[in-house]
Amino acid sequence: MSQLATKNGFWKVNRGGVIMPLLFLIPVLFFREPLFAVFKEQNYITLHLIFEIFIIASSFTIAIQAWMVFPHIMSNQRLWLGALFFSISLLEVLHTITYKGMPFFLIESTPYTATWFYMVSRLTQALGLFLIIISTEKQVNSKYRWLAYSFAFIYFLSWTTIIYHPAKLLPELVVEGTGTTVIKNSLQYTAIVLQCLCIVFLIKNFREAKNRNFMMIVASLYLMIGDSMFTSYKSVYDIANFIGHLFQLLGFYFLLRALYYTAVEEPFQLLKQAEQRLRKSEESLHYMAYHDELTKLPNFRYFKEKLAELLKREPQEKTAILIIEIDRFDAMNESLGHSFSDLILQSVAARLQETDFHNGFLGKMRGKEFTLFFKSIKDKEEAATICRKLQKLMAEPFRIQHLQLNITLNMGIALYPEHGKNADELLKHAQVAKFEAQNEFSRYAFYHYDMDEQLMDRLVLEHDLHKALDKGELYLYYQPQVNLREGRIVSLEALIRWKHPERGWVSPGEFIPIAEETGLIVPIGEWVLRTACKQLKHWHNQGFSDLSVAVNLSTRQFFQRNLVDLVEDSLKKANLPPRYLELEITESMTMNVSYATDILAELKRLGVRIAIDDFGTGYSSLYYLKDLPIDCVKIDRSFVRHVRTNKHDAALIAMIISIAKHLELTVIAEGVEQVDQLEFLWKEHCHQVQGYLFSPPASSERLSAEYEELQQQSKIYCDQLKHVQAGNR
C-alpha cells in the first residue's frame, strides 16, 4: 500500500515532465521541413550550449551524488553508476566545446570531434548502464571508490587521445549537408538496442524497486527517442537535432531522479514509514499496557490509575469501589476448558458494557474478576441498588456455543472515604468483602473491619490445611445409603472430615472450598479414594460383603489426565472388585459433554459405577442423561428438605424419578431427615435414600460397631412404610 502511494505520488509530481516532452514529437513527425532552422541558425549554438550545460550538470550531479552517498550505502551499482557518469560528464564537456561554431579550444571545433565525443558518451552510457543493471547488487569496500573514478578518468583520457589525434583515426560520422553516416546510425541503433535491453531487464525485475525502475524506464525511453532523432537529422540546425538534445537531457534528468530517489528520497520515505510504524507500535503498546487483551476493557493498572486520579481530583466525592467475580468460574474453566471460559469472560464483559452506569468506570482484573467504581454515591443503599441491578443483568442465561449458562456474580464493595483513603486500601478492602459475598444470599457484601480478621483466619486455615494430610488430621466418615424396597444398607458414602489440633472439627463447607482454590483437593481426593477402597475391602473381610462405597470426585480430579489410572491402581492395591466402587460427579463436570463422555466411558470399562451428585442444581440438561454412561442420579437435599411444603420441589422430584425410571437409572435422595419426607419418596418409588433419619456420617470404627443396629433400624422404617401402604389400600 505504501509503495503504491509512493508511486502515485511520483506520477502526480512528474506526470508533466513525462507527458509534455512527448508532445514535441508532433512537430518533428508532421512539420519537420517547415520547422527546419525555426530557431534561426545563429541561435542553435546557444541552444545547444544550454542543453549541454544542463546535461553536463546532470551528469556531474549523478557522479558527485554517487560519490557522496557511497560511504553510507557501499553499493557496487551506485559506485559504478557514479563512475560511469563521471566519464560521461567529461566527454560531454569536450563534446560541447568542440561543437561546430564554438570558439577555438586546443583545436578547431568540427563536426568530427563533437560527434565522436557525443557518440562515445552515448555508447558508454548505454553499455555501462546495461552492465550495471544486470549486475548483482552487493556491498564493496570504500577503497573501490577511488579505483572506480580513476578508471573512469583514464577511460575518458583514452578516448580524448584517440579523438584528438591529428591523423583522424576514426571515420566521419556526419557529412555536412547530407546528414548522418551509416556508421553513426549503426552506433546510434546499437545504443537503442542496449537501451531496449535495459528496459526489458527493468520490467522483468520491476517489483524489486518499482519507483526506481519506473524512472529508469522513462529515462531509457527518452534516450531512445533522442537516439532516433540523432539518426535522421541532416544538419545541426535541423529541428530533429533540437528534439534529440531535449530528450537526451530529459533522459539524464530521470536517471538523476532515479539515483536521487534511491539515495535520498526512498530512505527518507522509509524513515517516515518507520516513524509511523513506531508511533503506531507505541500506541498499540500503550493500549496493550492499559487494556485487557481478551475483553478490551481497561486493565487493573488503568483502573487503579483512574481511581487514584479521581480521589486526588475530587477528594470530597463519596465513591463506591466494586470487585466483581464470576461465581463458579473455576469449575466451568476446568470442565469446559480455557477457550470456553474465555468466551464466558467476553460475554459477561459485553453485557456489563451494554449497561449505562452513570458516573461509573468499568475495568478488568486478572482472571475471573472485574472492577467498577462509581463517584457521587449518596449512601450504601445506592451502592446496593447497583449490585442488585448487576445481578438482574445476569439473570438471563448466557448462550455460549451449544450451552445455556446461568451466571451469578459475587461482589465486594468498599466505600470512600469510610473504608480507605487511597486506591490501594479501597481495592484491598473490596477484595476482602468479595470473599465474604460468596456466603451471602444476595451475593454482595460491604467491607467492614471484622473481615480483615476473617481473611487472616482463612489464610491461617489455608496454611494449616497444607499440612493436615501429612499430619494425619484428615478422616473419612461414612453415611449409609438404604434401599427402600429391601430395607437394608447397600452402600456408604465416604465424606471427608478435618480435626484441627487447635480448632477441633472444621466444617467441610469451610475447608473444601479452600482445598479447591489452592489445588490441595487433588492429593486429598486421591487419599480419600485409596482410603475408602481399603476400608471397604476391610469390611468385606469382616463379612459385610454386599456393601459398596461412593466417593465424590472434585472437578480438578475429574479433569486430571491420570484419573482412570488412579482409580484402577486404587482398586488393585485394595484388591477390591470395581463393581463395589461408585464415583460421584457433579452436573458442572458434564458441561463439556464430549470430554465427560469419554472419561466416563473409560471408567465404566473398569467396571465402576457412576452417579450424578446434587442433580438439579447445576448447569447440565436432562437431555444429557441419555448420552452419559451413568448408573445413578442423586437428588440434592435442597429439594428433599421442603418436599412436603413446596409443591414445586415435590413435582421436580417426581419428574426426576420418572425420567430416571425410564432411563433405567437408580435414584438416591439425599438429606432425608423426617418420616414424612421418607413417605413421599416411598410413594414416588425412589430407589435409595440417605440422611440423618437413618444415620449421620460416622467413623469407620463406630459404623463397624453399630452396623447391625443401623441395619435393623432401616428394616423397621421400610416395613412401616409397607404396612402404611397396605393399610391405604
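Residues numbered from 1 in each chain as written. Predicted model: local features only at pLDDT ≥ 70, side-chain atom pairs only at ≥ 80, totals over all residues. Heavy atoms only, no water.

### Some points on the nonpolar core
Within soluble globular proteins, side chains that are nonpolar generally end up buried alongside one another.
Here is step 1 of the chain: Ranked by internal contacts, the top residues of the largest apolar core, which has 86 residues, are Phe-558, Leu-581, Leu-583, Leu-603 and Val-689.
Here is step 2 of the chain: It is helix 17 (residues 521–542) that provides the largest number of residues to this core, a total of eight residues.
Here is step 3 of the chain: The residues contacting Leu-583, other than those within four sequence positions of it, are Leu-529, Val-551, Leu-553, Val-567, Leu-603, Val-608, Arg-609, Ile-610 and Ala-611.
Here is step 4 of the chain: With 43 residues, the next largest nonpolar core counts Phe-130, Ile-133, Ile-217 and Leu-249 among its residues. (Core = buried A, V, L, I, M, F, W, Y, C linked by side-chain atoms within 4.5 Å. Buried < 20%, exposed > 50% of the residue type's maximum accessible area, 1.4 Å probe, protein only. Helix = DSSP H or I, 4+ residues; strand = E, 2+ residues; numbered from the N terminus. Contact = heavy atoms within 4.5 Å.)

### Description of the sheet that holds strand 8 (residues 409–416)
Here is step 1 of the chain: Strand order in this open sheet of five strands is 4-5-3-8-9, and the pairing throughout is mixed. The two strands at the open ends of the sheet, each matched to only one other strand, are strand 4 (360–364) and strand 9 (444–446). The average angle at which neighbouring strand axes cross in this sheet is 20°, direction not considered.
Here is step 2 of the chain: Direction of pairing for strand 3 (residues 319–326) relative to strand 8: antiparallel, over a ladder of eight bridges. The residue of strand 8 that forms the bridge with Glu-325 is Asn-410.
Here is step 3 of the chain: Contacting strand 3, strand 5 (369–375), strand 8 and strand 9, helix 14 (residues 423–437) runs over the sheet at an angle of about 145° to strand 8. (Pairing = 2+ DSSP bridges. Axes fitted to C-alpha atoms, helices over the stretch in contact; angles between N-to-C directions.)

### Some words on the pairing of strand 10 (residues 474–483)
Here is step 1 of the chain: Counting buried positions over the ten residues of strand 10 gives eight, a clear majority of the element.
Here is step 2 of the chain: Alignment of strand 10 against strand 11 (residues 488–500), held across ten bridges, turns out to be antiparallel. What sits directly across from Tyr-475, in strand 11, is Arg-497.
Here is step 3 of the chain: From the end of strand 10 to the start of strand 11, which pair antiparallel, there are four residues, and Gly-487 there has a positive phi angle of about 70°.
Here is step 4 of the chain: In terms of strand pairing, strand 10 meets strand 19 (residues 698–699) through two bridges, oriented antiparallel. Note on strand 19: the bridge partner recorded for Tyr-478 is Ala-698.
Here is step 5 of the chain: Bridge count for strand 10 against strand 18 (residues 688–689) is two bridges, and the pairing is antiparallel. Within the sheet, the bridge partner assigned to Val-482 lies in strand 18 and is Val-689.

### Remarks on the packing of helix 5 (residues 111–134) against helix 6 (residues 144–164)
To characterise two packed helices, one gives the angle between the axes of the helices and the distance between these axes.
Here is step 1 of the chain: Orientation of helix 5 relative to helix 6, taken along the N-to-C sense of each, is 150°, at an axis distance of 10 Å. With respect to helix 6, the axis of helix 5 lies roughly antiparallel. As helix 5 packs across helix 6, the resulting crossing turns out to be right-handed. Note on element contacts: helix 6 touches helix 5 through Tyr-155, Trp-159, Thr-160, Ile-163 and Tyr-164, opposite Tyr-112, Thr-113, Trp-116, Phe-117, Val-120 and Thr-124.
Here is step 2 of the chain: By residue class, the composition of the contact of helix 5 with helix 6 is eight nonpolar, three polar and no charged. (Parallel < 35°, antiparallel > 145°, perpendicular 65-115°, else oblique. Left-handed = near helix turned anticlockwise from the far one by under 90°. Nonpolar A, V, L, I, M, F, W, Y, C, P; charged D, E, K, R; others polar.)

### Topic: the side chain of Thr-295
Here is step 1 of the chain: By secondary structure assignment, the location of Thr-295 is in the loop between helix 9 (239–290) and helix 10 (300–313).
Here is step 2 of the chain: Looking at Thr-295, the relative accessible area reads 7%, which means it is buried.
Here is step 3 of the chain: A polar atom in the side chain of Thr-295 sits 2.7 Å from the side chain of Asp-292.
Here is step 4 of the chain: Residue contacts for Thr-295: discarding those within four places in its chain leaves Leu-345, Gln-346, Ala-349, Gln-353 and Lys-364. (Polar contact = N/O pair within 3.5 Å; in protein donor to acceptor, adjacent residues only side chain to side chain.)

### Observations concerning the pattern of salt bridges
Here is step 1 of the chain: Tallied over the entire structure, the rule returns 23 salt bridges.
Here is step 2 of the chain: Where Glu-584 meets Lys-634, a salt bridge forms, and the shortest distance between an N and an O atom there is 2.8 Å. Residue Glu-584 is found in strand 14 (residues 581–586), and its partner Lys-634 is found in strand 16 (residues 632–635); the two are separated by 50 residues along the sequence. In this structure, Glu-584 and Lys-634 share a single accessibility class: buried. (Salt bridge = Lys/Arg side-chain N within 4 Å of Asp/Glu carboxyl O.)

### Notes on helix 6
Here is step 1 of the chain: Given a rise of 1.5 Å per residue, 21 residues ought to cover 30 Å, and the 30 Å separating the end C-alpha atoms of helix 6 matches this to within 8%.
Here is step 2 of the chain: Within the span of helix 6, buried status applies to Arg-145, Ala-148, Tyr-149, Ala-152, Phe-156, Thr-160, Ile-163 and Tyr-164. Axial view of helix 6: buried residues confined to an arc of 130°, hence all on one face. Opposite the packed face of helix 6, turned more than 90 degrees from it, sit the exposed residues Trp-146, Leu-147, Phe-151, Ile-154 and Thr-161. (Expected span 1.5 Å × (residues − 1). Arc of directions from axis to C-beta.)

### Re the packing of aromatic side chains
Here is step 1 of the chain: Enumeration according to the criterion identifies 21 aromatic pairs in this entry.
Here is step 2 of the chain: Through successive ring pairs, a cluster of aromatic residues spans Trp-67, Phe-86, Trp-146, Tyr-149, Phe-153 and Phe-156.
Here is step 3 of the chain: The residue whose ring lies beneath Lys-168 is Tyr-112, and the NZ or CZ to ring-centre distance is 5.1 Å.
Here is step 4 of the chain: Stacked on the ring of Phe-370, the Lys or Arg Lys-364 has its end atom at 5.5 Å from the ring centre. (Phe/Tyr/Trp six-rings, centres within 6.5 Å; stacked < 30°, edge-to-face > 60°. Lys NZ or Arg CZ within 6 Å of the ring centre and 35° of its normal.)

### With respect to the packing of helix 5 against helix 7 (residues 182–204)
Here is step 1 of the chain: Where helix 5 meets helix 7, the axes come as close as 9 Å, and the angle between the chain directions of the two elements is 20°. As judged from the angle between their axes, helix 5 and helix 7 are roughly parallel. For the pair helix 5 and helix 7, the crossing hand works out as left-handed.
Here is step 2 of the chain: Partitioning the contact of helix 5 with helix 7 into residue classes produces 17 nonpolar, five polar and two charged.

### Some words on the pairing of strand 15 (residues 609–615)
Here is step 1 of the chain: Judged by how many residues are buried, strand 15 sits mostly within the fold: five of seven residues are covered.
Here is step 2 of the chain: Crossover connection from strand 14 via helix 20 (residues 593–606) to parallel strand 15: handedness right-handed.
Here is step 3 of the chain: Relative to strand 16, strand 15 is paired through three bridges, and the arrangement is parallel. In the strand pairing of strand 16, Phe-615 is matched with Ile-635. (Right-handed = clockwise from strand over helix to strand, strands pointing away.)

### Concerning the environment of Glu-486
Here is step 1 of the chain: Within the secondary structure, Glu-486 is located in the loop between strand 10 and strand 11.
Here is step 2 of the chain: Taking C-alpha positions, Glu-486 is 9.5 Å from His-687, a pair spaced 201 residues apart along the chain.
Here is step 3 of the chain: A distance of 2.5 Å separates the side chain of Glu-486 from the side chain of Arg-488, its partner in a polar contact.

### Thoughts on the confidence of the model for the protein
Here is step 1 of the chain: Mean pLDDT over the protein stands at 83; residues scoring 70 or higher make up 89%.
Here is step 2 of the chain: The low-confidence segment residues 1–7, where pLDDT is below 50, has nine contacts with residues more than four positions distant or belonging to other chains.
Here is step 3 of the chain: Counting interchain partners and residues more than four positions distant, the pLDDT-below-50 stretch residues 33–38 has ten contacts. (pLDDT = per-residue confidence, 0-100.)

### Considerations on unusual backbone geometry
Negative phi values dominate among residues other than glycine, just as trans dominates among peptide bonds.
Here is step 1 of the chain: Here the bond from Tyr-416 into Pro-417 is cis, since omega is 10°, no more than 30 degrees from zero.
Here is step 2 of the chain: Within the secondary structure, Pro-417 sits in the loop between strand 8 and helix 14.
Here is step 3 of the chain: Its identity as a non-glycine residue notwithstanding, Arg-328 has a phi of 60°, on the positive side.
Here is step 4 of the chain: Relative to the elements of secondary structure, Arg-328 occurs in the loop between strand 3 and helix 11 (329–336).
Here is step 5 of the chain: Positive phi outside glycine occurs at Ser-376, with the angle close to 60°.
Here is step 6 of the chain: Taking the relative accessible area as the measure of exposure, Ser-376 reaches 32% and is therefore partly exposed.

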